[in-house]
2 protein chains.
Amino acid sequence: MTTTAGTQRIPLDRDRVLAAAVDLADHEGLDAISMRGLAAGLGVVPMALYKHVADKDDLIDGMVDTVVTAYAATDPALTGADAVRSRILAARRALVEHPWMRRAIETRTRRTPAVLAHMDDVAGAFLAAGYSVDLTHHAMHALGHRIWGFSPEAFEEPPRTPPTPAEQEATLRVMSERYPHITAIALDTATRNPSGACDEQDEFEFTLDLLLDAFARLRDAGWASHP
Amino acid sequence: MTTTAGTQRIPLDRDRVLAAAVDLADHEGLDAISMRGLAAGLGVVPMALYKHVADKDDLIDGMVDTVVTAYAATDPALTGADAVRSRILAARRALVEHPWMRRAIETRTRRTPAVLAHMDDVAGAFLAAGYSVDLTHHAMHALGHRIWGFSPEAFEEPPRTPPTPAEQEATLRVMSERYPHITAIALDTATRNPSGACDEQDEFEFTLDLLLDAFARLRDAGWASHP
DNA sequence: GAGCTAGGTGTACGGCGTACACCGGTCGAT
DNA sequence: ATCGACCGGTGTACGCCGTACACCTAGCTC
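Residues numbered from 1 in each chain as written. Chains lettered and ligands numbered in written order. Predicted model: local features only at pLDDT ≥ 70, side-chain atom pairs only at ≥ 80, totals over all residues. Heavy atoms only, no water.

A. How the structure looks around the overall build of chain A. Helices and strands together make up the secondary structure of chain A, namely 10 helices and zero strands. Taking 227 residues into account, the globule formula puts the C-alpha radius of gyration at 17 Å, and chain A, at 22 Å, lies well above it. Seen along its three principal axes, the alpha-carbon backbone of chain A occupies a region of about 65 × 60 × 30 Å. Counting the 227 residues in chain A, one finds 43% classified as buried. For chain A, restricting intrachain contacts to residue pairs at least 6 apart in sequence, the fraction spanning at least 24 positions comes to 74%. (Helix = DSSP H or I, 4+ residues; strand = E, 2+ residues; numbered from the N terminus. Rg over C-alpha atoms; globule rule 2.2 N^0.38 Å. Buried < 20%, exposed > 50% of the residue type's maximum accessible area, 1.4 Å probe, protein only. Contact = heavy atoms within 4.5 Å.)

Structure follows, in structure tokens:
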């Protein structure tokens, strides 16, 4: 089981390890990432990976970096809030392709070069559009994880097995009694989208634009946080 | 080691298990929560916990519920966005006391009664203030995790050992060359707060008010998402 | 040819969540 | 008074995890 007859093993390198990890996470989810499983997929013994990544944390940092590095560069024709918007939506596209990124980013603490570069680009777009350093700072805070292409969702749906109509009616009755307001929201959504699901992309862009708009207003008003 | 001479063991119940878990997490962090460690702290064998919680996931759901249940009720004198604001800031106070809540909430999928009740209260406050169901829905999305008292922070600082002044200068030079914009922000912050740290509470309230303000404007303009 | 190095191996350790069989009390029904 | 059910705590064991450490080998440099 060392080498398949005659075929030479191409030696691993960090990029191949990371690419395999990204691929595995894309198909099986972040929880499926284990040093053992990843190694098996590469036809290699688990400890071999440690020649290319420091530890599992470094592996996941590397995966994040791999994806962030691949973000499309901002269209240089865009300026100001449009440049920010375009960069953030590029991040979101990557995020939709790699759903595990969301949780991966949330648990990272080290800031790798690609991550810093993305933050720097977003900040740079604000500054180039005449936002003060001060206001840019606040805008970055306000955008939060939105600059990575997602918003944290209080409303997130648990993956569920579809209930029978009877169950559905029973829970609806209970819900509307105990939680009338969120039930009203759910029912209102359902009138427009029978599946009852929210259009996450819409919500994302809605809030993104709301925030960008609010910040543009502050900029135009000459706002400053310090007296 | 069954029972200390004479003293009767008070039997465990779910609430005592959850309270012990919350306490442990408060002092040692969420990662310190293991069935084995928690059991040891309670002077009990690990499997004993499974008589009171279904599994580790249920344990953490229960911990979240415990804290959320303890949120101060909204001051009934407050109305509208003020009621929302007050409820969210109450959540934030709880979050500061229980730092592990942040990560715990982020990884939850099940929505427990206390969690639903909090969401329902926030939504109810909007509706009571004359926001349409539609607009309330969008506002809840936009607030995202903010209704739990925190915002996801792109800017989060890793816990770090303070570097020597020489190192500090070296990294500053590298940073300001490669990432001029975020460095500018950091330096600007440092002029007002020598530690260079952001005031998270300020940033939180700033964005919260920005959003509440933007939504109030939409309400007053009679905004609706559907034509 | 000696020695170094990079990359892959094998073994082992300590931790985790939890399935499963068990066992001593308490208590209600007979 | 006896029996059975049930409830809370126990003990053992399994399979997974990350990774430390010693090792082996092929190829390269001097």
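B. Focus on the protein's contact with DNA strand D. As a matter of local geometry, DNA strand D sits amid 18 residues, with Arg36(A), Tyr50(A), Lys56(A), Leu12(B) and Lys51(B) nearest to it. Within 4 Å of the protein, the contacting atoms of DNA strand D are drawn from sugar and phosphate to the extent of 44%. A distance of 3.0 Å is found between a phosphate oxygen of DNA strand D and a backbone nitrogen or oxygen belonging to Met35(A). Measuring from a phosphate oxygen of DNA strand D, one finds a side-chain N or O atom of Tyr50(A) at 2.8 Å. In terms of residue class, the surface near DNA strand D is built from 10 nonpolar, two polar and six charged. (Near = heavy atom within 4 Å. Polar contact = N/O pair within 3.5 Å; in protein donor to acceptor, adjacent residues only side chain to side chain. Nonpolar A, V, L, I, M, F, W, Y, C, P; charged D, E, K, R; others polar.)

C. Main features of the protein's contact with DNA strand C. Lining the immediate surroundings of DNA strand C are 18 residues, of which Met47(A), Lys51(A), Arg36(B), Tyr50(B) and Lys56(B) lie closest. Interatomic distance of 2.9 Å between a side-chain N/O atom of Lys51(A) and a base oxygen of DNA strand C. At a separation of 2.8 Å, a phosphate oxygen of DNA strand C approaches a polar side-chain atom of Tyr50(B). In terms of residue class, the surface near DNA strand C is built from 10 nonpolar, two polar and six charged.

D. View of the packing of aromatic side chains. Per the stated rule, a full pass over the model turns up six aromatic pairs over all chains. Residues Phe215(A) and Phe206(B) carry aromatic rings whose centres are separated by 6.1 Å and whose planes lie at 35 degrees to one another, so their mutual orientation is tilted. Here the residue Phe215(A) occupies a position in helix H10 (residues 200-220), and Phe206(B) occupies one in helix H10 (residues 200-220), the pair thus bridging two chains. Above the face of the Phe204(B) ring, Arg92(B) is positioned so that its terminal group lies 4.4 Å from the ring centre. (Phe/Tyr/Trp six-rings, centres within 6.5 Å; stacked < 30°, edge-to-face > 60°. Lys NZ or Arg CZ within 6 Å of the ring centre and 35° of its normal.)

E. A look at the packing of helix H8 (residues 165-178) of chain A against helix H9 (residues 180-192) of chain A. Residues and elements named next belong to chain A. Remark: H8 packs on H9, axes separated minimally by 5 Å, with the N-to-C direction vectors making an angle of 125 degrees. Between H8 and H9, the interaxial angle falls into the category oblique. Note on element contacts: H9 touches H8 through Pro180, Thr183 and Leu187, opposite Leu172, Met175, Ser176, Glu177 and Arg178. Split by residue class, the contact of H8 with H9 holds four nonpolar, two polar and two charged. (Axes fitted to C-alpha atoms, helices over the stretch in contact; angles between N-to-C directions. Parallel < 35°, antiparallel > 145°, perpendicular 65-115°, else oblique.)

F. Examining the pattern of salt bridges more closely. Going through the model one piece at a time under the given rule, you end up with 29 salt bridges over all chains. Residue Arg14(A) pairs with Asp58(A) through a salt bridge whose shortest N-O separation is 2.5 Å. With a gap of 44 residues between them, Arg14(A) in helix H1 (residues 14-28) and Asp58(A) in helix H3 (residues 56-69) connect regions that are remote in the sequence. For Arg14(A), a relative accessible area of 32% corresponds to the partly exposed category. For Arg85(B), the salt bridge is made with Glu205(B), and the minimal N-O distance between the two is 3.0 Å. Remark: Glu205(B) occurs in helix H10 and Arg85(B) occurs in helix H4 (residues 80-97); sequence separation between them is 120 residues. Judged by relative accessible area, Arg85(B) falls into the partly exposed class, the value being 23%. On the basis of relative accessibility, which here comes to 24%, the residue Glu205(B) falls in the partly exposed class. Salt bridges sharing partners connect three or more residues here, namely Asp55(B), Asp57(B), Asp61(B), Arg108(B) and Arg110(B). (Salt bridge = Lys/Arg side-chain N within 4 Å of Asp/Glu carboxyl O.)

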